[in-house]
Amino acid sequence: MGSPGLFQGTHLCGLLGWILCVTFKKNLKIALLGGGKPWSMSSALEVDSKARDVSFLDAYSLERWECVLHYMVGSQQQEGISADAVRILLHAGLMKRDEDDGSPVITRQGFQFLLLDRQAQVWHFILQYLDTVEQRGLNLVECLTFLFQLSFSTLGKDYSTEGMSPGLLIFLQHLREFGLVYQRKRKVGRFYPTRLALNITCAQNSEGPVLEEDTPKGYIIVETNYRVYVYSDSNLQVALIGLFTELMYRFPNLVVGVITRDSIRQALKGGITADQIIGYLKQHAHSQMLQGEAKQPLPPTVVDQIKLWEIERNRLVYSEGVLYSQFLSQVDFNILREYAQSNGHLIWCNKEKRTLIINKSAHDDVKKFWKRYSKGN
């Protein structure tokens, strides 16, 4: 098994073990880390006079990450994010440019993204960032290596930036903006990994939802008069509710809003569906909503009305098409209509006026058929 000198076999109590050669073990470690001259995260630094503890790092990472989420829901209560982060949101399809003023607005996928737990949000966002990393002139393998090294670091310890390439230093600043690392200044030569970076490759956060809001799972009450009561002091939760309600009053731990036709239409315009709105309200319904005889988390009248408002908006479907008219005979009209209909290209027709509307994407195919038919006759 292997070449001589690479392994040494030992037999103890019926168990067979292998001890790697020192040189082979060293080179294997280099190969697993990407080959070449490896950069290892070193914590051999002088004592930081302004050291940061775990509680500070948790608060910092939560604040930085919520800046991204606040931007997605259009909240003006937090500071903005960089244009680079906005491009990632657009690239991921979590936001899109508004047709009217061109400003970024949340999409259906973005609303689903907000419903994920923190760890899943960060992982999805970083995957989208890595998808564009080569466009920024950075090395994908180098960034991935550093990202996995971060996941094995120790929370609360500072690490040196000595030996990092210029590309890694740029990558570090991007991670700093998203809250995965803390660095007091760019030139201090040290950084602190946060819990977001440590949990990024874990299947499950075994240390509990440290970064989740302190609000209970059920904190929304919806009444039959379309009033919505949100028992939360989280700005993010309030901004999320504001996507499909009109906020009326706000108190220290209570927000009152109302579901209206205009608020639902505005949410539908942004790509949020009625089922997503209803699902969100059910998911976070207060425990008191389940104490009645019906044990329904939401009033049926409110659920039905939200769906009706969606149907009302979607009662018309727009399709791009090409108009065919002025046929010389009824036979020509029938032949082209039958061809378009049999191939699923026909949108609308009028036999009396000999008029057809063909799907725009099928225009070239129908035109070629018509030329072949005309030459044959």
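See above for the structure.
The structure presented is a predicted model; accordingly, all values stated were derived computationally and were not measured. Here the residue numbers are simple positions, counted from 1 along each chain's written sequence. With pLDDT at 70 or above as the cut-off, local features in this predicted model cover only qualifying residues; side-chain atom pairs require 80 or more to be listed or tallied, and sums for whole chains, interfaces and linings still use all residues. Only heavy atoms go into the side-chain values, all of them from the structure, while hydrogens and water stay out.

### Points about the overall build of the chain
In plain terms, the rule: Helix numbering and strand numbering both begin at the N terminus, where a helix is a DSSP run of H or I of at least 4 residues and a strand a DSSP run of E of at least 2. Exposure classes here rest on a 1.4 Å probe applied to the protein chains alone. A residue is buried below 20% of its type maximum, exposed above 50%, and partly exposed in between. Every residue pair with non-hydrogen atoms within 4.5 Å of one another is taken to be in contact.
Of the regular secondary structure elements, the chain holds 14 helices and 14 strands. For the chain, the proportion of its 377 residues judged to be buried stands at 41%. Long-range contacts, defined here as pairs at least 24 residues apart, represent 60% of the contacts in the chain between residues at least 6 apart.

### Things to note about helix α11 (residues 274-283)
Within the span of α11, buried status applies to Ala-274, Gln-276, Ile-277, Ile-278, Tyr-280 and Leu-281. Packed against the buried residues of α11 are α4 (108-114), β8 (220-222), α9 (235-241), α10 (261-269) and α12 (300-313).

### Overview of the pairing of strand β11 (residues 254-258)
Taken residue by residue, a regular strand's side chains alternate between the two faces of the sheet. Let me state the cut-off plainly: Here a strand pair is declared whenever DSSP counts at least two bridges between the two strands.
With respect to burial, β11 is a largely interior element, 5 of its 5 residues being buried. On β11, burial covers both faces: Leu-254, Val-256 and Val-258 on one face and Val-255 and Gly-257 on the other are all buried. Here 4 bridges tie strand β9 (residues 227-230) to β11, and the two strands are oriented antiparallel to one another. Counted as the bridge partner of Tyr-229 is Val-256 from β11. In this structure, strand β10 (residues 246-251) lies alongside β11, joined through 5 bridges in antiparallel fashion.

### As for unusual backbone geometry
For Tyr-226, which is not a glycine, the phi torsion comes out positive at approximately 75°. Mapped onto the secondary structure, Tyr-226 falls in the loop between β8 and β9. Of note in the backbone geometry, Gln-326 takes a positive phi value of approximately 60° without being a glycine. Within the fold, Gln-326 resides in the loop between β12 (321-324) and α13 (330-342). For Gln-326, a relative accessible area of 76% gives the class exposed.

### Things to note about the nonpolar core
Convention followed: Put simply, a nonpolar core is a bunch of buried Ala, Val, Leu, Ile, Met, Phe, Trp, Tyr and Cys residues held in one set by side-chain atoms that sit within 4.5 Å of each other.
In terms of nonpolar packing, the biggest core is built from 76 residues, with Leu-180 and Phe-244 touching the most fellow members. Leu-180 has contacts with Val-122, Ile-126, Leu-147, Leu-175, Tyr-192, Pro-193, Thr-194, Leu-196, Ala-197 and Ile-200, leaving out every residue within four places of it along the chain. The next biggest cluster of nonpolar side chains, apart from the first, holds 11 residues, and it includes Phe-327, Ala-340, Ile-358 and Ala-362.

### Comments concerning the pattern of salt bridges
A side chain with one charge can pair with a side chain of the opposite charge if their charged atoms come near. Rules: Criterion for a salt bridge: a side-chain nitrogen of Lys or Arg within 4 Å of a carboxyl oxygen of Asp or Glu.
Per the counting criterion, the structure on display carries 6 salt bridges. The partner of Arg-87 in a salt bridge is Asp-84, with the nearest N and O atoms 3.3 Å apart. With Arg-87 and Asp-84 both in helix α3 (residues 83-91) and 3 residues apart, the pair spans about one turn of that helix. For the salt bridge of Asp-158 with Arg-190, the shortest nitrogen-to-oxygen distance reads 2.3 Å. One end of the pair, Asp-158, is in the loop between α6 (140-151) and β5 (159-160); the other, Arg-190, is in strand β7 (residues 190-193), with 32 residues separating them in the sequence. Neither Asp-158 nor Arg-190 differs from the other in exposure class; each is buried. Overlapping salt bridges bring together Asp-84, Arg-87 and Arg-136 as one network.

### Quick look at the packing of α6 against helix α7 (residues 166-178)
Between two packed helices, what matters for the description is the angle formed by their axes and the separation of those axes. Applicable threshold: To define axes, lines are fitted to C-alpha atoms, for helices over the stretch in contact only, and angles between the resulting N-to-C directions are given on a 0 to 180 degree scale. Relative orientations are named as follows: roughly parallel for angles under 35 degrees, roughly antiparallel for angles over 145 degrees, roughly perpendicular for angles from 65 to 115 degrees, and oblique for any other angle. For a crossing to be left-handed, the near helix must be turned anticlockwise from the far one by less than a right angle; the clockwise case is right-handed. Any residue outside Ala, Val, Leu, Ile, Met, Phe, Trp, Tyr, Cys, Pro, Asp, Glu, Lys and Arg is labelled polar, Gly included; the first ten of those are nonpolar and the last four are charged.
At their nearest, the axes of α6 and α7 sit 10 Å apart, and the two run at 50° to each other. Relative to α7, the element α6 is oriented oblique. Where α6 crosses over α7, the two elements pack in a sense that is right-handed. Contacts between α6 and α7 pair Glu-142, Cys-143, Phe-146, Leu-147 and Leu-150 from the former with Leu-168, Phe-171, Leu-172 and Leu-175 from the latter. When its residues are assigned to classes, the contact of α6 with α7 shows 8 nonpolar, no polar and 1 charged.

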